[in-house]
Amino acid sequence: MHAQNPVFIPGPTNMPDTIRKACDVATLDHRSPAFAAMFRPAVAGVKRVLKMDAGEVFLLPATGTGGWEAAITNTLSPGDTVLAARFGMFSQRWIDLCQRHGLTVEILETPWGQGMPLDRIEAALKADTDGRIKAVLATHNETATGVRSDIGGLRKAMDRAGHGALLFVDGVSSIASMPFDFTAWGVDIAVTGSQKGFMLPAGLAILGVSDKALAAMDSATLPRTYFDLRDQQKGYAAGGYPYTPPVGLIAGLARSIELLEDEGLDAVFARHHRLAEGVRRAVAAWGLEICAASPALASDTVTAVVAPAGFDGTEVVKLAAEKYHVAFGVGLGAVAGKVFRIGHLGMLSDVMVLSGLATAEMVMADLGWPVRLGSGVAAAQEYFRGTVRLAAAA
Ligand SMILES: *Cc1c(COP(=O)(O)O)cnc(C)c1O
């Protein structure tokens, strides 16, 4: 039998059939009005999802990593300094990308499982009296550890420091699944990819860019050609792209936004919170810990489950794939083997989550982990059946 089980990786996410179908479009001349008619609603929809009231949205043929690159190469110059906390594999990879572009990264080493250290960021900005730091890089949801940082709090810390650095936010595993407020948080560039909260195939880097960041493009001298947003802006003025766009993905994105807005963004966020809470209750019932150091840091899109001493989280992921054809996420970098991850973002329901928890229990039992079959599923069931109407009303 060819099983089509849901995936429990934190991206790519499960795709609704209606979005998959929307991506299936006949060949279209991207210089025709028909393309503009498809493209403009997608851009306007992303602005609403990000809560932007100014600036511009760019949809680049790339993934989240290309979005990081577009963010820095369009706004910074060789030798510029950026400030970043390193507290997981994704914050690490963005730092590495900056270093390879010749930027100086002032790194705040932070234990994995913690969130961004707002007090230390504030202190670093206050100490930067000659304005060397041009941008602060923030990983909103560290997908490696299942930690959500407080971007609104980060904005306040930057304001308290009275520092004019740009604020770049990696929202790849948060946007469209957890609350995100580009305007209220004073974000200068927000980055995401099509294959996470937007429930599309991989292939689009999605960027929200503030007017301040757009203005920085004129003086920035890092080399860029394909990702040069000034070319994109010229294309926009003519209703399209400077090169051939991925038309199917853009059509799918417009459909994705319709689905998100039909459900209601607040309801989408509440659903993710509730599903995450069910997962967390299951983990507690297993007698296991999550990687996030405190409940306030726990992500609503991914949970990193800490393996008990003497056990290897990667084994769970391997056996789940081989024996039950279900995908979970491995631990990355410093937590490789120490955790396995349950992704719970995108198209997901109570029933799907329960199937993932049940599978994880079978695998852990197969591997001799001290986890009782049914314990986590029961905890999640109790929580889900007790909150189902609450969530519908939210
Ligand atoms: C998935 C992810 C990325 C990388 O995105 P790609 O689309 O794989 O390039 C970056 N940051 C975070 C937080 C992610 O979860």
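Residues numbered from 1 in each chain as written. Predicted model: local features only at pLDDT ≥ 70, side-chain atom pairs only at ≥ 80, totals over all residues. Heavy atoms only, no water.

Focus on the overall build of the chain
And then number 1: Scanning the chain for helices and strands turns up 13 helices and twelve strands.
And then number 2: Taking the principal axes of its C-alpha atoms as reference, the chain extends roughly 60 × 55 × 40 Å.
And then number 3: Each of the 394 residues in the chain was classed as buried or not, and the buried ones make up 59%.
And then number 4: In the chain, 72% of the contacts between residues at least 6 apart in sequence involve partners at least 24 apart.
And then number 5: Surface exposure of the chain reaches about 15,400 Å², of which carbon and sulfur atoms provide 56%.
And then number 6: Charged side chains of the chain number 35 positive and 39 negative; the gap between the two group centres comes to 1 Å. (Helix = DSSP H or I, 4+ residues; strand = E, 2+ residues; numbered from the N terminus. Buried < 20%, exposed > 50% of the residue type's maximum accessible area, 1.4 Å probe, protein only. Contact = heavy atoms within 4.5 Å. Areas by Shrake-Rupley, 256 points an atom, 1.4 Å probe, with all protein chains shown as cover. Lys, Arg positive; Asp, Glu negative; His and termini not counted. Charge placed at Lys NZ, Arg CZ, Asp CG, Glu CD.)

Looking at the sheet that holds strand β2 (residues 81-86)
Two orientations exist for strands paired in a sheet by backbone hydrogen bonds: parallel and antiparallel.
And then number 1: Spatial strand order, β1-β9-β8-β7-β4-β2-β3: seven strands in an open sheet with mixed pairing. Every other strand in the sheet has two partners, leaving β1 (56-61) and β3 (104-109) as the edge strands with one partner each. On average, each strand axis in the sheet is tilted by 20 degrees relative to the strand beside it, whichever way the strands run.
And then number 2: Pairing of strand β4 (residues 133-139) with strand β7 (residues 166-170), which is carried by five bridges, proceeds in the parallel orientation. In the sheet register, V136 faces β7, and the bridge partner there is L167.
And then number 3: Along the sheet face, helix α9 (residues 247-263) touches β1 and β9 (204-209) and points at about 60 degrees away from the line of β9. (Pairing = 2+ DSSP bridges. Axes fitted to C-alpha atoms, helices over the stretch in contact; angles between N-to-C directions.)

Quick look at the packing of helix α11 (residues 313-324) against helix α12 (residues 350-366)
What describes two packed helices is the angle between their axes and the distance between those same axes.
And then number 1: The interhelical angle for the contact between α11 and α12, taken along N-to-C directions, is 110 degrees, at an axis separation of 9 Å. One finds that α11 runs roughly perpendicular with respect to α12. Contacts between α11 and α12 involve V316, L319, A320, K323 and Y324 from the former and T359, M362, V363, M364 and D366 from the latter.
And then number 2: Of the residues belonging to the contact of α11 with α12, the class tally is seven nonpolar, one polar and two charged. (Parallel < 35°, antiparallel > 145°, perpendicular 65-115°, else oblique. Nonpolar A, V, L, I, M, F, W, Y, C, P; charged D, E, K, R; others polar.)

Overview of the site of the ligand
And then number 1: Close to the ligand lie T63, G64, T65, W68, F90, N141, T143, D170, V172, S173, Q195 and K196, which account for all nearby residues.
And then number 2: Contacts to the ligand include T143, whose side-chain N or O atom sits 2.5 Å from an oxygen atom.
And then number 3: Contact with the protein chains removes 90% of the 380 Å² of surface that the ligand exposes when unbound.
And then number 4: Looking at the shell around the ligand, its residues break down into three nonpolar, seven polar and two charged. (Near = heavy atom within 4 Å. Polar contact = N/O pair within 3.5 Å; in protein donor to acceptor, adjacent residues only side chain to side chain.)

Re the side chain of R274
And then number 1: Examined against the element boundaries, R274 turns out to sit in helix α10 (residues 265-285).
And then number 2: The buried category is assigned to R274, whose relative accessible area is 7%.
And then number 3: A distance of 2.9 Å separates the side chain of R274 from the side chain of D350, its partner in a polar contact.
And then number 4: Engagement of the side chain of R274 in a polar contact is seen with the side chain of T387, the distance being 2.7 Å.

Details of the pairing of β9
And then number 1: Counting buried positions over the six residues of β9 gives six, a clear majority of the element.
And then number 2: Burial along β9 is two-sided: the residues L204, I206 and G208 and A205, L207 and V209 are all buried.
And then number 3: The sheet contact formed by β1 and β9 spans six bridges and is antiparallel. Considered in β9, the bridge of P61 is made with L204.
And then number 4: When strand β8 (residues 189-193) meets β9, the two strands line up antiparallel, connected through five bridges. Bridge pairing links V191 to L207 in β9.

Some thoughts on the nonpolar core
And then number 1: Among the nonpolar cores identified, the biggest contains 96 residues, and L59, F168, F198, L207 and L253 are the most heavily contacted of them.
And then number 2: A domain split of this core shows at least three residues from each of domain 1 (17-261) and domain 2 (264-393).
And then number 3: Leave out the neighbours within four places in its chain, and F198 touches I19, V49, I175, A176, T192, G193, I206, L253, S256, I257 and L260.
And then number 4: Core analysis: the second largest hydrophobic core is formed by 32 residues, L275, V305, A307 and V371 among them. (Core = buried A, V, L, I, M, F, W, Y, C linked by side-chain atoms within 4.5 Å. Domains from an automatic or database assignment.)

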